[in-house]
Structures are given as C-alpha cells and as structure tokens.
Amino acid sequence: MTETPLPFPALHATHGGIWIASGDGPVREVQRGEAIARAAETPMVLLNAPMIGARLGYGEISGLDLLELFAFVHPARFAVPTPRGLARALDLEPPASDAEAAPFLIRAAAALLDRLADPLWLEREGAWTAAQSLFRLRWPWAASVAERIPRPREAERWLFSKLPEWDDAAPRPEPRPIRLDEEECLERLAALVGSGAEPREGQRAYAGAVAPVFAPRPAEGRPNMLLAQAGTGIGKTLGYLAPASLWAERAGGTVWISTYTKALQRQLDREAERVFPHPVMRREKVVVRKGRENYLCLLNLEDALQGGFQNRAAILAQLVARWAAYTRDGDMVGGDLPGWLPTLFRRAGATALTDRRGECVYAGCPHYRRCFIERSVRAAEGAELVIANHALVMLLAERRRAEGRPLDRIVFDEGHHLFDAADSTFAAILSGQEAIELRRWIIGPESRSRGRRRGLSARLSDVASYDDEGALAIEAAIEAARALPADGWLGRVAEDAPSGPIEALLAAVRATVFARASAQDAGYGLETEAAELEGALIEAAAPAAAALESLVRPLARLRQRLEALLEDGPDWLDGQARARVDGALSGLANRSRTLAAWIALLARLGGPADPDFVDWLAVDRVEGRELDIGLHRRWLDPTRPLAETVLQPAQGLVVTSATLKGAGGWDHAEARSGAIHLDAPVRRFEAPSPFDYRTRSEVLIVTDLKRGDLPALAGAYGRLIEAAGGGALGLFTAIQRLKAVHARIADRLARGGLPLHAQHVDPIDTGTLVDIFRDDPRASLLGTDALRDGVDVPGDSLRLVIMEGVPWPRPTVLHAARRAAGGGSAFDDGIVRARLAQAFGRLIRRAEDSGLFVLLSAAMPSRLLDAFPDGVPIRRVPLDEAVKMVAARLSSDTQFRHQDIGQETPGIR
Ligand code: SF4
C-alpha cells in the first residue's frame, strides 16, 4: 500500500516518557512542558487524546486523534486503541518501542488516509457526505479526509432512508411439548465441538443433565429446574447450547440465555457461530438483547445531526452516524461501536443518543420502522436463542407474565450472580434523581435542553384530541407531577430551601443522614438505617406520600382510557398508533409500579419495620460532591420476588456457574438461586474442573505487610509486577487505594517497559482496558469488583493475580441486616470465599494456563483457605520470598506460555 507523507508531527506519551516525531526528522524525547506547548501551537497526530492528556497532566489537549480517523474510515470495526493494536488492525508493522510509536502514528495516519482513495475501500458509502459535514464542524482531520474522497456521481442516500426496515411477523405458536433424546443431544454436542476435538466426559455429562430441563413441566408453578456447578474448563457453554439449540429447533420455541456480564454476552454471541455457522441464518436464529438504553435512538441522532449537538458532541454525532450505517444491531454499549469512541469525546453526547429516559414515541417516530430497538425486540420474538442479561430477563419475565406469555425456557449462566441481579432489579429507590426523571417523563422539557424529550401530552396528542377524559387525565398527571423535584433540586435541598413536598422530604432525609453518619468528612457516600426516625422526617413523609398518591390517580385513569381505546379501535387507530398506545401503556405500568413502591416505603416511616425489607436513607457522594439523596428499599431475600415472577412461571430453568455452591454447598446454591422458594424438586449436577490447579497454580499469602501502610502496599505491587514481567491483574476493594498505588508505581514500571493501566484512573471504559491488557503480555491492570468477576483473559497476558487484602464485605445497612439474618460471621465468610474463588478463577482459563495468586494480607484466616481449589499449594511467606517465587515461577512459565498464545481450545470456556 502506498503511503502519502503527512505534514503533521506526532506525539506519543506513556508513563515512561514523551516523544515527538515529525515526518522528516528523527524522533525526540521531550519534557512535558515542551510537549504541551507544541500541542497548543501545532496540530499533532496522537492516539487517544484523553489518555495522552492524562499522561501529560493536561486534560485539555487536542489534536488529530488517530482513533477518530479510524472510526471514520472503518466504522463498526474493532481495534485495540494502542499503537500495537492499531498496527494489527491496519496490517502494519508494529512499533518496536514506545519511542518508535511516535513515527508509527504518522505511518498509521498515512495508511488510513490512503485507504480513502482505495477503490476496494468497503465503507465508502456515505463517507463523502459525512466528510463535508465534518469539514463544516472543523473536525481536525476533515481537510485531509475531504480532499481524498472524490465526490460520488450520484447523491449519497440519507442514513435514515438506507437502513433496512424490520418486518412484523405473526405471533409464534406455542412451542410444541417435546422431550429431548439424550443421544441426540450428545450428537449435537459432538457436532458443535467439531471434528478437531472430542467432547470431554464432564461436558457430555453436563449436556445430558441439561436436556431433561426442556421437557414440559409436570404442573403449573413447578418448573423443571437444574442447578449445575460446572468447574471452569468443562465447556459448559456448548454443554447447554447443544440441548438448547436442539429443543428450540424441534419445539419451535425460544431459549433465553442470560448472563451477568457483557463480556460473557459477547463470548456467547461468538460461540453461537458454532450452532449457526452461516451468518445469514445466525442473524435470524440468534439475537442479542439488551435494555433500550444500550441502543442508538435514530430520532435522537437525527436531532443531534440537525443542530441539537454543538462542537465536539456534533463531531461525535457524525462519527456515530457513520457507524450506524454499518453496525450489526445498533448496540452502542458493548456492541460493535468501539468502546473507546464515546470516551474520546469525554462522554459529550453519547448517552443523549440513546433512549435512556424511556421517551420513545414509538410509531409516532418517523424512524420507527427502522429503529434498532424495535428491530431487536421483533427479532427476539422469532429467534431460537436470545442472549440477554439477568436484569433484562427479570424485567421481561415480569412483564410477559402479566401479558400471559411468560419466558418459559431460561439458562442463567453466571448463576452465582442471580441473587445480586435480583437484588437490584427488585429494589425501590425514592431519590431526587429518580423522581426528577419521572417528572421529565410526564411533563417533558421545562427549559431549553438538548434532545427531543417529550412529555406525556406530546406523546399522546392524538389520544388527547380524540378522548376528553384521556386529555383530562394527562392534564391532571402533569399538574400532579409539578410536586416532584425540579431542576436545581440538589442545591435547594443542600441549602435547606426545598420546593415542594418531595424536596422537603429529601431535605429531611439529608439532615437525618448527616446527623447520624460518622464519616461526614471522608467524602464518600453516607447512609443510615431507616429506624428511630426524628419527627421532622416522619412529618415530611405524609405530604410526600399524598403528592405521590395524587399522581397515581390520573396515571391509573389514563391507563384505563388507553385500554378502552385499544378495545374500541377507532378508525384513526392504525397499526402504528396502536403500537404507540401499547408503548405508553407499558411505560405507565412501569411508572405506576414505581410509585406504588415509593408510597409503600413512605408509609413505613415512623411505623414498625417490615421484616421482608431492609430500608435505609442515603446521600450518594463522590469525593465530597453530593450526587443524589434518597430512601432505599431492598428485599431481605430478593430471590422471593425472583421465584414468583421469573422461576415459577417458567417451564424449564438451568442455573449454572463454576462457583454456584460456594462453600455453603447445595443449600447455598438453592438459597441464592431462589430454588428454595419453589414447590418442586430441583435437580443438581456437578462436574469438577479438568484443570490441574495443583501443578499449574499456587497461592502466596504475604505475611509482612502492615495494614494501612500505603507506601509499603504500593511497593509490594510494584515489586511483584516487576518480578512477573507484567501480566498482573491487581484487585482492590477501595478505589482510593487503587488510585494511590497506581500513582506511586505507574511511572517506574513504565520506564522498565511494563505498562500499568487502571480502572478509575485511565479515561477509558473498562471493556477497552481489558482489551488493552489482553493484547500486551507485558501490561498489567488494576481494578475493582468488575474485574474480579468478569474478566476472561486466557493465555499469557494474565499470569499473576494480586489482591490487596481479604475482600471483606463493606459494613453497609443492607449487609448488616442480611448478616444478622444469615448466620453472622459465617455469612461474611461465605462472601469472602465467593470473592476469593472468583478472583482466583481469573488465573487459569484454559488447560495450558498457569500462574500465581498473591494475597497481600497476613490476616487471612486459615478457615477461608478452602475457597481455593483442592490441592493448590498455599504458602504464607514474607514479601521478599514472594517476589523471588514469582520471578522464578513466572519467568520459566513465560517461555512455556509464549508457545501457547493464540491457540484456542475448541469447546472450552
Ligand atoms: S422508535 Fe423510539 S427509540 Fe426508536 S428511533 Fe424512534 S424514538 Fe428512538
């Protein structure tokens, strides 16, 4: 490929140094001051401006960001946002060192620009028009891009007319009642695993155990349920996909496969290729479904493109429009929109392009027939496998049960998270942020604001003009919603000058929390139990409840009117209007449920506590800044509503995980999955991991680090990472400590060629951080809970897990209540065991992996060591010795591991 010389210099910065290259001169290492001055006076090519800004301590840096150019040239394509990752995506020779990265950026820019003139460039359509718009918006790349794209002979089609329309299909008949033959399931499994590998005994037994779940249930409310603990590596994904796909095909039904993390959702999507290798068939048979807030809303995008967005946000809208023309499904969060793209714009606008607030106007929207969300909803109706997440499955199960068409076959993978997912799904929060959202949904925009927010009256204007009673209900709802918090509520409440009954309630909540909490100066969130409350708060609860009641009534009246309208079916109510009324009804049902929960919560203040719930008051803060204030309610046991709304209505359920039983055995698994609340026998299956943990891993407990000694903690992390030559995942329970450790060691490690990335520090999304970590065996990554539970990095890139201490649960009000109900310290022990097992589980992801797990805590109780797999050597050693052991073991392992990179083991997850 020819490369055109570029007139721009390039800037590259890491924690280890800063380099500038120009097209004709040598690369120079420069000081921070010079780099900032050059960047201010000359546009420079850089890779990921926010990250470079963070490295330089100069957040305002801008320039010609290669990632933006990549997103323009190759929308909906993946690239790890590092020089090495970009080299791979562009088929270029990667730079040999950090210093070489600066001239590489110029070569990469030239290569990308050269593609614009390449007749084989696949993403040409729409590029000329987008380049013209970006030129007007002064996008730094626009001049270079526009001069290379010849004007097309015919005008390019508008995005909104070229996206395909979805088709409505007749409702599917009920799935046929069938029983799966075990032999056939095993044949299907063998086909999925492929001729290159044999299914293993554990995997075959697993598939055989899953198969009967799909048979018709014996009685109403008594689903076939299987709890399956499948050790890492038995290949459980294909183990359940084999019977699930066979049943879906034979019975004509849909199996919902539910995960907790987006990472597994993505992985399942890839595994489904084995079931449906042909892409066209796969599109029809396998659908990934997420909550609405994940998808691009075309109406919001249109607003943004037509002046709704300004400056950088308007450039983002153009790049998102480029992507929208090529995306597989319009999923902006974890789909094929690069996770790094919104962060390049410091989140300016990306969330405003989705339908976060439920303001969809359904068939009233000009893009309804092309809407990504509507397409995914319809595609799921006809699919054989729907890959979704626990929260969405719970919400849909609740809704579909009310509609009389429950989700009847569900596989919950990552089943050990079912409890947590149910906990947040069935929670009630009456807070300022939640209440103002409700106000906006009902009233619509009250001041000049971005986007196309519309209130109830705009969304239902045709209903109002047809039905007087409906119009009166809408007016009454709008009037009643004026009692909810309005813009500026947080400031008024903080100054004790609330406006309206709900703000008055929140002011009393805040005063109570501050009066009781002991760590007001610490800067993080505060909370207190909703017990023994003062008179002022109890007095504020009654008018707040009355205000909510007066909102419930008109909303209920409006629901009745809409239902009557659907029954009457007047002439003007065509298919599209009907869909819009349906949408409004479902929105009203959700809001009515929320209001009922809020009123129940208020009714309890001052009275006796309801033993089924845990209630508390909280002020959410980050670094001292108040973000929200409210009352919280959780089920003491959230698997009760889970069992009622999700499990009982189903026909067949699998709950599976590598750590389902925890240390508490099957009783624990039954309690945490909700099986305990079913009036039906629940089957159990267990297959141990085939991995040889005993020889391939080791646990080191460092005994000589003083608790609370931050410099020593940072020193330990630094030494261990150096000894391993990178490849470390560092896990923390507190963000502040993570940041402090990172600040102390990142520069030193980078100078030694060991990049250190960190969640909560690097201005980039977590998924991309994991991609960067996975891509470089010398990189290390620091993070908190999300990394402990959801990271799948097989191979050489993850060979050392370092945990800063015993992961005890935080002593919150909710935790205290569950601890009291769940056995006191044994309850805490169970949580710690589960967390240790999850963290250890990151280490060995396939048979060839090996590595070390280091716990930096002398206070690790011996009784909890059974959290690690049987036979794993566990040693208590001083730090010096731990460092030596890491160096000795990982340096020799590394040679062994390097041979394995890139080899996938079929059928294994
Ligand atoms: S139908 Fe709703 S979500 Fe879809 S594009 Fe229109 S307004 Fe947005």
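Residues numbered from 1 in each chain as written. Predicted model: local features only at pLDDT ≥ 70, side-chain atom pairs only at ≥ 80, totals over all residues. Heavy atoms only, no water.

Some words on the overall build of the protein chain
Thought 1: When helices and strands are tallied, the protein chain shows 37 helices and 23 strands.
Thought 2: Computed over C-alpha atoms, the radius of gyration of the protein chain comes to 28 Å, within 12% of the 29 Å expected from 2.2 N^0.38 for 909 residues, which places it in the range of a compact globule.
Thought 3: Taking the principal axes of the C-alpha coordinates as reference, the protein chain spans close to 75 × 70 × 65 Å.
Thought 4: Split into buried and exposed, the 909 residues of the protein chain put 57% on the buried side. (Helix = DSSP H or I, 4+ residues; strand = E, 2+ residues; numbered from the N terminus. Rg over C-alpha atoms; globule rule 2.2 N^0.38 Å. Buried < 20%, exposed > 50% of the residue type's maximum accessible area, 1.4 Å probe, protein only.)

Regarding the packing of helix α26 (residues 535-568) against helix α27 (residues 575-604)
Thought 1: In contact at an axis separation of 9 Å, α26 and α27 are set at 155 degrees when each is read in the N-to-C sense. In terms of their interaxial angle, α26 and α27 are classed as roughly antiparallel. As for the relative orientation of α26 and α27, their crossing is left-handed in sense.
Thought 2: Residue composition of the contact of α26 with α27, grouped by class: 20 nonpolar, one polar and five charged. (Axes fitted to C-alpha atoms, helices over the stretch in contact; angles between N-to-C directions. Parallel < 35°, antiparallel > 145°, perpendicular 65-115°, else oblique. Left-handed = near helix turned anticlockwise from the far one by under 90°. Nonpolar A, V, L, I, M, F, W, Y, C, P; charged D, E, K, R; others polar.)

A short note on the pattern of salt bridges
Thought 1: All chains considered together, the criterion is met by 51 salt bridges.
Thought 2: One salt bridge in this structure joins arginine 510 and glutamate 626, with 2.8 Å as the shortest N-O distance. Taken together, the residues arginine 510 in helix α25 (residues 501-516) and glutamate 626 in strand β14 (residues 625-635) connect sequence positions 116 residues apart.
Thought 3: Residue classification places glutamate 626 among the buried residues on the basis of a relative accessible area of 19%.
Thought 4: In this structure, arginine 788 and aspartate 785 form a salt bridge, with 3.7 Å as the shortest nitrogen-oxygen distance. With arginine 788 and aspartate 785 both in helix α34 (residues 785-790) and three residues apart, this pair spans about one turn of that helix.
Thought 5: Taken together, the shared-partner salt bridges in this structure form one network comprising Arg84, Arg88 and Asp775. (Salt bridge = Lys/Arg side-chain N within 4 Å of Asp/Glu carboxyl O.)

Re the site of the ligand
Thought 1: Every residue close to the ligand is listed here: Arg292, Cys297, Leu298, Leu299, Cys360, Val361, Cys365, Tyr368, Cys371 and Ile373.
Thought 2: Class assignment of the residues belonging to the shell around the ligand gives a composition of nine nonpolar, no polar and one charged. (Near = heavy atom within 4 Å.)

A short note on the packing of aromatic side chains
Thought 1: Inspection of every chain in the model, using the stated rule, returns 13 aromatic pairs.
Thought 2: Consider the rings of tryptophan 166 and tyrosine 368, whose centres lie 5.4 Å apart with planes at 85 degrees: the pair is edge-to-face. Taken together, the residues span a long stretch of sequence, with tryptophan 166 in the loop between α8 (159-162) and α9 (182-193) and tyrosine 368 in the loop between α16 (340-344) and α17 (372-382) at a distance of 202 residues. Each of the two residues, tryptophan 166 as well as tyrosine 368, counts as buried.
Thought 3: Note on tyrosine 206 and phenylalanine 685: the rings are 5.7 Å apart at their centroids and 75 degrees apart in plane angle, and the pair reads as edge-to-face. With tyrosine 206 in helix α10 (residues 201-210) and phenylalanine 685 in strand β16 (residues 683-687), this pair connects stretches of sequence that are 479 residues apart.
Thought 4: Grouping aromatic residues by their ring pairs yields a cluster made of Phe691, Tyr693, Phe840, Phe853 and Phe868.
Thought 5: The ring centre of tryptophan 166 lies 4.4 Å from the NZ or CZ of arginine 369, which sits over that ring.
Thought 6: When the ring centre of phenylalanine 613 is taken as origin, the NZ or CZ atom of arginine 633, which lies over that ring, is 4.2 Å away. (Phe/Tyr/Trp six-rings, centres within 6.5 Å; stacked < 30°, edge-to-face > 60°. Lys NZ or Arg CZ within 6 Å of the ring centre and 35° of its normal.)

With respect to the side chain of aspartate 65
Thought 1: Position of aspartate 65 relative to the elements: it lies in strand β5 (residues 64-65).
Thought 2: One polar contact links the side chain of aspartate 65 to the main-chain amide nitrogen of asparagine 48, over a distance of 3.0 Å. (Polar contact = N/O pair within 3.5 Å; in protein donor to acceptor, adjacent residues only side chain to side chain.)

Observations concerning the pairing of strand β2 (residues 17-21)
Thought 1: Counting buried residues along β2, five of its five residues qualify, which places the element largely inside the surrounding structure.
Thought 2: Across five bridges, the pairing between strand β1 (residues 10-14) and β2 is antiparallel. Each residue of the ladder has a partner; that of alanine 10, found in β2, is alanine 21.
Thought 3: Joining the antiparallel neighbours β1 and β2 is a turn of two residues.
Thought 4: Strand direction decides the pairing type here: β2 and strand β3 (residues 28-29), joined by two bridges, are antiparallel. Looking at the pairing, tryptophan 19 lines up with glutamate 29 of β3. (Pairing = 2+ DSSP bridges.)

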